[in-house]
Amino acid sequence: PESALPSWWFLRALGVVYAAAFASLWVQLPGLIGSQGIAPAAELLAAAARQLGPERVAALPSLAWFGASDAALHAWTALGTAAALCLVLDAAPALAALVAWAAYLSLSTVCREFLWFQWDSLLLETGFLALWIAPWRLAPSRGEDPPPRRLAVWLLRWLLLRLMVSSGVVKLASGDPAWRNLSAMEFHYFTQPLATPLSWLVQQLPAALQRLTTVYVFVVELGLVWGILGPARVRRFAARSLALFQLLLIATGNYAFFNWLTIALCVPALDGQAWPLRRPRWWTASAPTAPSARAGWPAPVLAGVAALLLTLSLVPVARLAGARVPGVSTLYALTAPWHLVNSYGLFAVMTTQRREIILEGSRDGQDWRAYEFRHKPGDVRRAPTFVAPHQPRLDWQMWFAALSRYEDQPWFMAFCRRLLEGSPPVLALLRHNPFPDAPPRYLRAVVYDYRFTGWPGLLSEGRWWDRRRLGLYCPVLSLRE
């Protein structure tokens, strides 16, 4: 029962992450991929059906093929949320894990412009691995679950190891001077997509301390993480160190459910005797302890799945070394739409300048009024907010759009068109609509350089940000007559 306890807690934690992910997406779906949204799911599927024919399901695996109307999209999200809550409550855990994974895969497929982040892939990969440790029963457990097979637990540890080491290796392999000279964290807090109030505070620390935190990042991602492969005491220390690292990231940045999911992945590295794991009151000592009492799938089936996943993982591992695995790469590409194995590596190149796009509308081309987003910087006196595990997907996309040309962001033009049309679901994604009665005739996107203020700017003027206008992001837009 002690070795079964970490898996029990892991599945509960995964259920919480799933629930947060579905709830966050649910309130944004109409504006993102609804019929009046930025990138309607029904249009994507119709185009895929015309171009791909019978191969469309393999290329775009989604329950939305059975329905992609606004009501259907809400139904798929509700189904995933219900499955997530069942997973939290320990009701039919195997079935709940399967339904939650299928529902999130379906939404990720049709919400491609907005669900392409690494934590979306990580949730799908983690959710797929959870299928192999979740017990097949309907009623909540009373301590009778036998321990999961070791191979299934090791697959989760292998995922955590790849995730952390990849994030460290890409920083060095990119050749980015900010990581090489240890100055990256001097820029990170104000250039990250969505800062928190603590980000502003940490930004005020001396440069020497910022460099020490950069060293700490490498120590955790390239050093301490290897402890999860060691004996029990070493695993406990490594898992707790990784969890602490994620808590610090939660305090200083809004990365949706990513950090919470990474903490959940640390749980399988623990054992039932480790703090903070505790037996629930109803967990009895009468659970089967015989070595033959194993939960889940037959050993040959699990071995075949493990062989497939480990083979596929050779591709992202080889990419870190700048190598290729030709035969496996083809298989990797074929399975890519299912997100069974993914590449990871956050912040390979540290951005040193924060470019923000401010959208402004006008009825006469003279008087311009700004749209205010819910969480990304706009008004320099508005404080950063804590918003994770919710992820405002449009705010995040605007951060990435500012790093590239508008010609490379087709969703951006679709977004602007919806603003000029006055689409209610799209306007609901924003904090403030300066044209509540009728949409503007003209729309422009102005690029600003944003930086955190210092203590004088905040205390005397109430400004969290300083900004400097750089120019227009794209030509002034209007709807054709």
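Everything below is about the structure shown above.
From a predicted model like this one, the values you see are computed outputs, not experimental measurements.

**Regarding the side chain of Asp-271**
Step number 1: Assignment of secondary structure puts Asp-271 in the loop between α14 (258-266) and α15 (299-312).
Step number 2: Engagement of the side chain of Asp-271 in a polar contact is seen with the side chain of Arg-236, the distance being 3.0 Å.

**Notes on the pattern of salt bridges**
Step number 1: The tally for this structure, following the rule as stated, stands at 18 salt bridges.
Step number 2: The salt bridge involving Asp-408 is made with Arg-405; its shortest N-O contact spans 3.3 Å.
Step number 3: A salt bridge links Asp-466 to Arg-463; the shortest N-O distance between them is 2.1 Å.
Step number 4: Relative accessible area serves as the criterion here: at 33%, Asp-466 is assigned to the partly exposed category.
Step number 5: According to the relative accessible area criterion, Arg-463 is buried, its value standing at 15%.
Step number 6: Taken together, the shared-partner salt bridges in this structure form one network comprising Arg-12, Asp-90, Arg-137 and Asp-145.

**Details of the pairing of strand β5 (residues 442-452)**
Step number 1: A large share of β5 lies buried, amounting to nine of its eleven residues.
Step number 2: Bridge count for β5 against strand β6 (residues 465-472) is seven bridges, and the pairing is antiparallel. Within β6, the residue paired with Tyr-450 across the bridge is Arg-467.

**Describing a nonpolar patch on the surface**
Step number 1: On the surface, a cluster of nonpolar side chains totalling about 520 Å² of accessible area is made up of Leu-198, Leu-201, Phe-386, Trp-455 and Leu-459.
Step number 2: Only α11 (197-203) and α21 (455-461) provide two or more residues apiece to the nonpolar patch.
Step number 3: By secondary structure assignment, the location of Leu-201 is in helix α11.

**As for the packing of aromatic side chains**
Step number 1: Under the criterion given, the structure shown has 32 aromatic pairs.
Step number 2: Taking the centre distance of 4.8 Å and the plane angle of 50° together, the rings of Trp-132 and Trp-297 count as tilted. One end of the pair, Trp-132, is in the loop between α7 (118-130) and α8 (150-173); the other, Trp-297, is in the loop between α14 and α15, with 165 residues separating them in the sequence.
Step number 3: For Trp-132, a relative accessible area of 10% gives the class buried.
Step number 4: Between Trp-136 and Trp-297 the ring centres are 6.0 Å apart and the planes differ by 80°, which places this aromatic pair in the edge-to-face class.

**Description of the environment of Leu-160**
Step number 1: Tracing the backbone through its elements, the reader meets Leu-160 in helix α8.
Step number 2: Overall, the relative accessible area of 1% leaves Leu-160 in the buried class.
Step number 3: Along the chain, Leu-160 and Leu-242 lie 82 residues apart, while their C-alpha atoms are 9.9 Å from each other.
Step number 4: Excluding its chain neighbours within four sequence positions, the residues that come into contact with Leu-160 are Val-225, Ile-228, Leu-242, Thr-262, Leu-265 and Cys-266.

**Quick look at the sheet that holds strand β1 (residues 354-362)**
Step number 1: Judged by pairing direction, the sheet is antiparallel, and its four strands sit side by side in the order β2-β1-β5-β6 without closing on themselves. Edge strands, defined here as strands with exactly one partner in the open sheet, are β2 (369-370) and β6.

**Some points on unusual backbone geometry**
Peptide bonds are trans in most cases, and residues, glycine excluded, mostly fall at negative phi.
Step number 1: Ala-388 connects to Pro-389 through a cis peptide bond whose omega is 10°.
Step number 2: Position of Pro-389 relative to the elements: it lies in the loop between β3 (372-373) and α18 (393-401).
Step number 3: For Asp-90, which is not glycine, the phi torsion reads 65° and is therefore positive.

**Quick word on the side chain of Glu-356**
Step number 1: Inspection of the secondary structure puts Glu-356 in strand β1.
Step number 2: A relative accessible area of 1% places Glu-356 in the buried class.
Step number 3: Within polar-contact distance, the side chain of Glu-356 engages the side chain of Arg-354 at 2.8 Å.
Step number 4: Apart from residues lying up to four places away in sequence, Glu-356 is in contact with Lys-376, Pro-377, Trp-399, Ala-402, Val-446, Val-447, Tyr-448 and Tyr-450.

**Describing the nonpolar core**
Step number 1: Membership of the largest hydrophobic core comes to 130 residues, with the highest contact counts inside it found for Phe-10, Tyr-18, Leu-359, Phe-412 and Phe-415.
Step number 2: Counting residues per element, this core draws most heavily on helix α6 (residues 93-110), at ten residues.
Step number 3: Phe-412 has contacts with Ile-357, Leu-359, Met-398, Tyr-406, Ala-445, Tyr-473 and Cys-474, leaving out every residue within four places of it along the chain.
Step number 4: By size, the runner-up hydrophobic cluster in this structure holds twelve residues, among which are Ile-358, Val-446, Tyr-450 and Trp-464.

Thresholds, definitions, all that
Residues numbered from 1 in each chain as written. Predicted model: local features only at pLDDT ≥ 70, side-chain atom pairs only at ≥ 80, totals over all residues. Heavy atoms only, no water. Helix = DSSP H or I, 4+ residues; strand = E, 2+ residues; numbered from the N terminus. Polar contact = N/O pair within 3.5 Å; in protein donor to acceptor, adjacent residues only side chain to side chain. Salt bridge = Lys/Arg side-chain N within 4 Å of Asp/Glu carboxyl O. Buried < 20%, exposed > 50% of the residue type's maximum accessible area, 1.4 Å probe, protein only. Pairing = 2+ DSSP bridges. Patch = residues over 30% accessible without salt bridge, like charges linked within 9 Å, V, L, I, M, F, W, Y side chains within 5 Å. Areas by Shrake-Rupley, 256 points an atom, 1.4 Å probe, with all protein chains shown as cover. Phe/Tyr/Trp six-rings, centres within 6.5 Å; stacked < 30°, edge-to-face > 60°. Contact = heavy atoms within 4.5 Å. Core = buried A, V, L, I, M, F, W, Y, C linked by side-chain atoms within 4.5 Å.

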